Number of protein chains: 2
Amino acid sequence: MAGKGNDHQVVVSNRIRLARNLATAPFPGWAKPDARKQVLDRILPVVEALPEMKNAFSKPLDSLTGLEKRVLVERHLISREHAGNSSGSALVVNRNQSLSMMINEEDHLRMQAISPGFDLQPAYQMLNNVDNVLEGTLEYAFDPKLGFLTSCPSNLGTGMRASVMLHLPGLVISEQISKVISGVNRIGLAVRGLFGEGSEAQANLFQVSNQTTLGESEADILTRLERIIEKIIGHEMNAREKLIEEKATLVQDQVGRAYATLRYAHVMSSKEALNQLSLLRFGLDCGFFQESIPDPMDLLLMEIQPAHLQLLAGEKLSPEERDTFRAELLRKKLQSLPEPDIQGGDASLRESLQTSKRQTRPQSPTPSDDE
Amino acid sequence: MAGKGNDHQVVVSNRIRLARNLATAPFPGWAKPDARKQVLDRILPVVEALPEMKNAFSKPLDSLTGLEKRVLVERHLISREHAGNSSGSALVVNRNQSLSMMINEEDHLRMQAISPGFDLQPAYQMLNNVDNVLEGTLEYAFDPKLGFLTSCPSNLGTGMRASVMLHLPGLVISEQISKVISGVNRIGLAVRGLFGEGSEAQANLFQVSNQTTLGESEADILTRLERIIEKIIGHEMNAREKLIEEKATLVQDQVGRAYATLRYAHVMSSKEALNQLSLLRFGLDCGFFQESIPDPMDLLLMEIQPAHLQLLAGEKLSPEERDTFRAELLRKKLQSLPEPDIQGGDASLRESLQTSKRQTRPQSPTPSDDE
């Protein structure tokens, strides 16, 4: 598979979500509290009984504090929109957070599987498997011609949304990203920022997902998505090589300043931290670290986000306090890392693109693009 | 003397210049080449014979390359305006660069003495001494009522311009600088940027100098200037203490980022470097360095300036190459320094304001404000 060798540098994670509804109950948006409760009582025991959900985290959404919900949003386990309206809703997440089920979100049941890297098959296999088991017990709303019925017509048919989160600093720095995005849009795929629909692109992260769910099989949708992702990986790697050939100093400057700022700043907004960590990861991929260091993407996607930070601090922090606490956290992390060696001639930089010293992350969540 | 204890943190250097002209020759701006040559032949031997000028650097200006002249401008030994028009001009500078004489600049003779710190007396004594010796040989253009006659009426009378270069990061960061500048202007003193009249304030450096030369004795002018400088030192130290009491994190952030950027950037303009070095010096004054380190002001005023940089590189550098070379130079300097410890509670910061670990500079030039 072309580009596959470099996918770990470009693809952060992938996520597949299936939307399902019961044939015999109104959609959650239309349902009265009693009806929502009945749906919950019907689905929850079946979900909790899944072997995949052994020892799972299972909670009614309205039992969670505002902060806990915001942490789940930052982990892309629930969507921002549904964190508020939570009566009769529940969340079930397996131990390693690779599989999650939302009951009474936009649809009666939304199941989401996350896997690291580019390969969409593990997530799809896990979901398909679970879906088959649930289908044996729950009576899904299904139309022989249209397929699975969903709250929003945009999910009708397969009810599947597959998305891949890509880290594209090369295309952003070399100012080719708009061209790539409009190309992807033209062939019917969506490109979104870190937090799904309508969110701004931050930290050079972009989610690419299918827009159509009707008239194509799941396998065809995934194949089409994979082909495009391969092409984007190719473009990104070309952009990186070209940058390093033609603008090595610019890359060294940006990565050096990012490392420096993360290591020595005392006040840092979430937005700045995201962008600096993205550049640090890029520097890692460019081989600027001689030793293996933890992936900055984990910090980026989780720890430095506002709610995670507050959870860590164990107290309510004002935005100013968060910016100070975030900077402190990052300073400590960076001080425990080996110093980068941001010199290296063009040739050695080019070589190092192939041998990034980044540690492989065992597991990482993908953003939600629920709509 | 109030504020005197902290003057080494605020006062970079002081400079006094006397303008003198021969009674029997036209001013340099009006003089034909022959007349300029005659003035040079009259003055140069007398200047070179001064005991203070033993083993001095003595050169006709038109024997210097463009780069050498730019280096002299950056050292504030000649003015930008006069670096170009140099036929019949000469420069004589003593070994430690504390005393310099320009012949056929704006006036027939301009002598300048520079000394580090706040005390204007050493510079004045040296100049006065030299002036008395020269007066014995050269016939100065002098009017019993007006005093010394000069090319520009603004220098008429004493022909003296005394200026003190102040480093005022506290007043700049706490946004009180405009108020202080207009106060100083109101009482008839001039405030200028790093490179004299019309130059932008950079690196939080400000030159304060007398505007009037007529109707006041040299001693009165110097006393008045000293009193104002004392007041400004007081304001600056108050601003610093207040910043550290009320905005310690902001100070730590700015100093930390400055250190970080200087240490890790790969492209840096002269303007950015000036400002970062200024913040580094401020950090030093705040006690962020546990060990003694060289004063960043020397780097700031000399080494990183464009012409100095080119002289150091030994080749003609394009502006882009200069920015890369400058960043490299700064990275190396910073890497050889001990790491700063930019933590410290408010109390320890406040204390450290009194015990800056900056090495005392043996000698440093002040900017020229020739007009």
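Preceding this paragraph is the structure being described.
Residues numbered from 1 in each chain as written. Chains lettered and ligands numbered in written order. Predicted model: local features only at pLDDT ≥ 70, side-chain atom pairs only at ≥ 80, totals over all residues. Heavy atoms only, no water.

Caption draft 1: The side chain of E74 of chain B, seen in detail. Residue and element names in this part refer to chain B. Of note, E74 is situated in helix α3 (residues 66–74). Buried and without a salt bridge, E74 has R70 as its closest oppositely charged side chain, separated by 5.9 Å. Here the side chain of E74 touches A307 through a polar contact of 2.6 Å, landing on its backbone nitrogen. (Helix = DSSP H or I, 4+ residues; strand = E, 2+ residues; numbered from the N terminus. Buried < 20%, exposed > 50% of the residue type's maximum accessible area, 1.4 Å probe, protein only. Lys, Arg positive; Asp, Glu negative; His and termini not counted. Salt bridge = Lys/Arg side-chain N within 4 Å of Asp/Glu carboxyl O. Polar contact = N/O pair within 3.5 Å; in protein donor to acceptor, adjacent residues only side chain to side chain.)

Caption draft 2: Here's a closer look at the environment of D220 of chain A. All names here are of chain A. Tracing the backbone through its elements, the reader meets D220 in helix α8 (residues 218–246). What makes D220 partly exposed here is its relative accessible area of 43%. C-alpha separation for the pair D220 and G147, spaced 73 residues apart in sequence, amounts to 15 Å.

Caption draft 3: Focus on the interface of chain B and chain A. Every contact between the two is made by 20 residues of chain B and, on the other side, 20 residues of chain A. Interface area, chain B with chain A, both sides summed: about 1700 Å², of which 51% is carbon and sulfur. In this structure, the connection of chain B to chain A is made through four salt bridges. We note a salt bridge from E339 of chain A to R263 of chain B, for which the minimum N-O separation is 3.0 Å. Along the contact surface separating chain B from chain A lie 14 residue pairs in polar contact (both at pLDDT 80 or more). Among the secondary structure elements, those contributing two or more residues to the side of chain B that touches chain A are α9 (248–264) and α13 (319–335) of chain B. Along the lines of polarity and charge, the residues of the side of chain B that touches chain A split into seven nonpolar, seven polar and six charged. (Contact = heavy atoms within 4.5 Å. Buried area = accessible area lost by both parts, 1.4 Å probe. Nonpolar A, V, L, I, M, F, W, Y, C, P; charged D, E, K, R; others polar.)

Caption draft 4: Structural detail: the packing of aromatic side chains. Enumeration over the complete set of coordinates arrives at six aromatic pairs over all chains. Ring centres of Y264 of chain A and Y259 of chain B lie 5.0 Å apart, and the angle between their planes is 75 degrees; on these two criteria the pair is classed as edge-to-face. A residue pair is termed interchain when its members come from two chains, as with Y264 of chain A in helix α9 (residues 248–264) and Y259 of chain B in helix α9. According to the relative accessible area criterion, Y264 of chain A is buried, its value standing at 4%. By relative accessible area, Y259 of chain B is classed as buried at 0%. An aromatic cluster of at least three residues, connected via ring pairs, comprises Y140, F142 and F148 of chain A. Here R20 of chain A stacks its cationic end above the ring of F148 of chain A, 3.5 Å away from the centre of that ring. (Phe/Tyr/Trp six-rings, centres within 6.5 Å; stacked < 30°, edge-to-face > 60°. Lys NZ or Arg CZ within 6 Å of the ring centre and 35° of its normal.)

Caption draft 5: How the structure looks around the side chain of S209 of chain B. Looking at the secondary structure, you find S209 of chain B in strand β10 (residues 205–210). Engagement of the side chain of S209 of chain B in a polar contact is seen with the side chain of R192 of chain B, the distance being 2.9 Å.

Caption draft 6: Spatial organisation of α3 of chain B. Turning to α3 of chain B, its buried residues number three or more, namely K69, V71, L72, V73 and E74 of chain B. Once α3 of chain B ends, the next one or two residues include H76 of chain B, with phi positive near 60 degrees.

Caption draft 7: Summary view of the sheet that holds strand β3 (residues 90–93) of chain A. Residues and elements named next belong to chain A. Read from one edge to the other, the open sheet built from eight strands follows the order β2-β3-β4-β5-β1-β8-β10-β9, with strand pairing classed as antiparallel. Of all strands in the sheet, those with a lone pairing partner are β2 (57–60) and β9 (189–192), marking the two edges. Averaged over all pairs of adjacent strands, the angle between their axes in this sheet comes to 15 degrees, without regard to strand direction. Inspection of the sheet shows strand β1 (residues 11–20) paired to strand β8 (residues 160–167) by seven bridges, in the antiparallel sense. Opposite S13, over in β8, you have M165 as the bridge partner. (Pairing = 2+ DSSP bridges. Axes fitted to C-alpha atoms, helices over the stretch in contact; angles between N-to-C directions.)

Caption draft 8: The arrangement of the sheet that holds strand β2 (residues 57–60) of chain B in detail. All names here are of chain B. As summarised here, the arrangement of the eight strands in space is β2-β3-β4-β5-β1-β8-β10-β9, forming an open sheet in which the pairing is antiparallel. Bordering the open sheet on either side are β2 and β9 (189–192), each of which pairs with just one other strand. Averaged over all neighbouring strand pairs, the angle between strand axes comes to 15 degrees, with direction disregarded. Taken together, the five bridges between strand β4 (residues 99–103) and strand β5 (residues 109–116) define a ladder with antiparallel strand orientation. Each bridged residue has a counterpart across the sheet, and for L99 the counterpart in β5 is A113. The sheet contacts of helix α8 (residues 218–246) involve β1 (11–20), β8 (160–167), β9 and β10, and relative to β8 the element is tilted by about 10 degrees. Helix α11 (residues 296–303) contacts β1, β8 and β10 of the sheet and is inclined by roughly 75 degrees relative to β10.

Caption draft 9: Broad picture of the pattern of salt bridges. Within this structure, the stated rule accounts for 28 salt bridges over all chains. With its nearest N and O atoms 2.9 Å apart, the salt bridge here joins R326 of chain B to D323 of chain B. With a gap of three residues between them, R326 of chain B and D323 of chain B both fall in helix α13, about one helical turn apart. Taking the relative accessible area as the measure of exposure, R326 of chain B reaches 1% and is therefore buried. Given the relative accessible area of 21%, D323 of chain B is considered partly exposed. Where salt bridges share partners, they join E105, E106, D107 and R110 of chain A into one cluster.

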